[in-house]
Amino acid sequence: MNHVSLDSVGIVALSHDFDALYGNNSDVVHVLNAFSSSTSVSYNLVTLAQNFPSILKLPLPRIQFSQKLNPIVSKICQEMVSRTRKEKETGGTEQGDRSCLVEAEESGESEGLTPQEVLDQVYESQNTPERCDTGLRHRQAKILLLAGFETTAVTMTWAYIELARNPGIQTKLRDECLEFGPTPSHDDLANKLPYLDAVVNEVLRLHAAAKEIERAVQDVIPLSEPLRTATGDFTESVCIPKGTVVVVPLAALNCSVSMWGPDAKTFKPSRWLEGDEGMHGARTLQGYRHLMTFGDGARMCLGRLFALTEFKAVLFVLVRNFVSEMADGPGVPIVESLGTVPRPRVVGSAEAEVCLFGYIIPLAPRRQFRKLSG
């Protein structure tokens, strides 16, 4: 899952194929795999760095991996810039062959990354596109690689675990994918495979890659329901000093019983096919499909559409061709590891079961053979 995620984001964001799926153990593959396996200490590192910035100068593994990534991404971006400019001058670049990073900088009508959104991600407001150029691409590319690589890989891993634990759901999903045909378009993935959409949404709900986010607030936060104060009165808003950082518990909202009903913590894709009955109180949330997985508002995840398409495309191909089971039975207890992006791990797993790519999960895939007609 690490490798398919890296190859996908590399091709789409940078027009660069890392060939990780084909065993190319390049520097960037090694660094990103090592970067993701060091997530167990990242949460504490980020928290401490807010109060003690000098921590970021220590030779800690995750910091060292990030520093190693800089020259690698810089070289790729330089090659991309040179290739794009040359192709543009000779008229040899087709619109569909260009990376989203280049398109985002040059097009003011992009639905994914507008020029201002790209700039907001990596530079202060006083910088201009002319001053950014290669530096803009370099820093934005690093953000895209780190954000699009690890989060998607972990989410797709959880998807396969849930399908292995629930063979009936896996079979139903496979039947839909086999019946549809081998090459769905983007529109097909988005609108014409309802059970695939339901499974993906349920994985995103139960296994959000980011468990919480921090936001600086204004003076007054409105409440969806009146809150009883210490004096016994009710209030419809809470006053908090402007600039105070508030933690938004994304995972808790996604699994809230009041939002999703008594089976909120159960993997149940069918809830997405039940309309209002399956949503319960979740419709008060304004995020994607009433989920908080991608955040919400003006700072909602910019890469959500790409992540969803990649997720569905990979799951579609794998489910059509492989049956997956838990090697030690469906009852194997699997929990989330500590870290900014919690990876799944088997309860009681020893250090020997931790590899460069994270924790080893005992999945047993086998080929799905189909009869050919005619």
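For every chain, the first residue of the written sequence is number 1, and numbering continues from 1 onward in sequence order. Per-residue local features are limited, in this predicted model, to residues with pLDDT of at least 70; the limit for side-chain atom pairs, both in listing and counting, is 80 or more; totals at the level of whole chains, interfaces and linings are taken over all residues. The side-chain numbers reported here are obtained from all heavy atoms of the structure, hydrogens and water having been left aside.

The chain appears in an unreviewed UniProt entry as Cytochrome P450 from Suillus subaureus. UniProt positions are given in the numbering used here, feature names are shortened, and annotations may be inferred rather than shown by experiment. Listed in UniProt under the heading Subcellular location (unreviewed entry), the comment for the chain reads: "Membrane".

### Things to note about the pairing of strand β2 (residues 220-228)
Criterion used throughout: strands pair if DSSP finds at least two bridges between them. Strands here are runs of E lasting at least two residues and helices are runs of H or I lasting at least four, both read from the DSSP assignment and numbered beginning at the N terminus. Looking at chain direction, β2 and strand β3 (residues 234-239) are connected through 5 bridges and run antiparallel. For valine 220, the partnering residue across the bridge sits in β3 and is cysteine 239.

### A short note on helix α10 (residues 194-206)
Here α10 spans 18 Å end to end across 13 residues, near enough to the 18 Å set by a 1.5 Å rise per residue. Along α10, the residues classified as buried are Tyr195, Leu196, Asp197, Ala198, Val199, Val200, Asn201, Glu202, Val203, Leu204, Arg205 and Leu206. Take the number of residues in a helix, subtract one, and multiply by 1.5 Å to get its expected span. Each residue gets one of three labels from its accessible area relative to the maximum for its type: buried under 20%, exposed over 50%, partly exposed in between, using a 1.4 Å probe on protein chains only.

### Describing the pattern of salt bridges
The rule for a salt bridge is simple: a side-chain nitrogen of Lys or Arg has to be within 4 Å of a carboxyl oxygen of Asp or Glu. Applying the stated criterion to the full structure yields 12 salt bridges. A salt bridge links arginine 289 to aspartate 197; the nearest nitrogen and oxygen atoms lie 2.8 Å apart. Here arginine 289 is found in the loop between α13 (276-279) and α14 (304-321), whereas its partner aspartate 197 is found in helix α10, with 92 residues between them in sequence. Of the residues examined, aspartate 197 reaches a relative accessible area of 11% and is grouped as buried. Put simply, aspartate 197 and lysine 312 hold a salt bridge, and the shortest N to O gap is 2.7 Å. With aspartate 197 in helix α10 and lysine 312 in helix α14, this pair connects stretches of sequence that are 115 residues apart. Given a relative accessible area of 5%, lysine 312 falls into the buried group. One network of salt bridges, with partners in common, ties together Glu202, Arg205, Asp263, Lys268, Arg271 and Glu274.

### Comments concerning the UniProt feature "binding site: heme" (unreviewed entry) in the chain
The feature "binding site: heme" (unreviewed entry), as given by UniProt, occupies Cys301 in the numbering adopted here. Summarising the element assignment, cysteine 301 is placed in the loop between α13 and α14. Cysteine 301 sits in the partly exposed class, given a relative accessible area of 33%.

### Quick notes on the packing of helix α1 (residues 2-14) against α14
Working convention: axes come from line fits to C-alpha atoms, limited for helices to the stretch in contact. Angles between N-to-C directions cover 0 to 180 degrees. The contact between α1 and α14 brings their axes to 11 Å, and the two run at 130°. Between α1 and α14, the interaxial angle falls into the category oblique. For the pair α1 and α14, the sense of crossing is right-handed. On α14, the residues touching Val4, Ser5, Ser8, Val9 and Val12 of α1 are Phe306, Glu310 and Val314. Side-chain classes are defined by residue name, with Ala, Val, Leu, Ile, Met, Phe, Trp, Tyr, Cys and Pro counting as nonpolar, Asp, Glu, Lys and Arg as charged, and the others, Gly among them, as polar. Within the contact of α1 with α14, the residues separate by chemical class into 5 nonpolar, 2 polar and 1 charged. Working definition: roughly parallel below 35 degrees, roughly antiparallel above 145 degrees, roughly perpendicular at 65 to 115 degrees, and oblique for all remaining angles. The hand of a helix crossing depends on one turn: near helix anticlockwise from the far one by less than a right angle means left-handed, and clockwise means right-handed. In what follows, a contact means two residues having at least one pair of non-hydrogen atoms within 4.5 Å.

### Focus on the environment of glutamate 176
Positionally, glutamate 176 belongs in helix α8 (residues 167-180). Overall, glutamate 176 belongs to the buried group, its relative accessible area being 17%. The spacing of glutamate 176 and proline 194 is 18 residues in sequence and 8.7 Å in space, taken between C-alpha atoms. Those residues in contact with glutamate 176 that sit more than four places away from it in its chain are Leu193, Pro194, Tyr195 and Leu196.

### Some points on the packing of aromatic side chains
Pairs were defined over the aromatic rings of Phe, Tyr and Trp, the Trp ring being its six-membered one, requiring ring centres within 6.5 Å. Orientation was assigned from the angle between planes: stacked under 30 degrees, edge-to-face over 60, tilted for the rest. Summed over the entire model, instances satisfying the criterion amount to 2 aromatic pairs. For the ring pair tryptophan 260 and tryptophan 272, a centre distance of 5.5 Å and an interplane angle of 50° mean the geometry is tilted. Pair noted here: tryptophan 260 is in helix α12 (residues 257-260) and tryptophan 272 is in the loop between α12 and α13, with a separation of 12 residues, a long-range link. Only when the NZ of Lys or the CZ of Arg is both within 6 Å of the ring centre and within 35 degrees of the ring normal is a charge said to sit over the ring. The ring of tryptophan 260 is capped by arginine 205, whose NZ or CZ atom sits 5.4 Å from the centre of that ring.

### Quick notes on the side chain of aspartate 188
Here aspartate 188 is to be found in helix α9 (residues 186-191). At a separation of 2.9 Å, a polar atom in the side chain of aspartate 188 contacts the main-chain amide nitrogen of serine 185. For the purposes of these results, a polar contact is taken to be a pair of N or O atoms within 3.5 Å, where, inside protein, one atom must be able to donate a hydrogen and its partner to accept one; residues adjacent in sequence count only when each atom of the pair is a side-chain atom.

### So, the packing of α10 against α14
At their nearest, the axes of α10 and α14 sit 11 Å apart, and the two run at 120° to each other. In terms of axis orientation, α10 runs oblique to α14. Note that α10 runs across α14; the crossing there is right-handed. Residue-level contacts link Leu196, Asp197, Val199, Val200, Val203 and Leu204 of α10 to Leu308, Phe311, Lys312, Leu315 and Phe316 of α14. Here the residues of the contact of α10 with α14 sort into 9 nonpolar, no polar and 2 charged.

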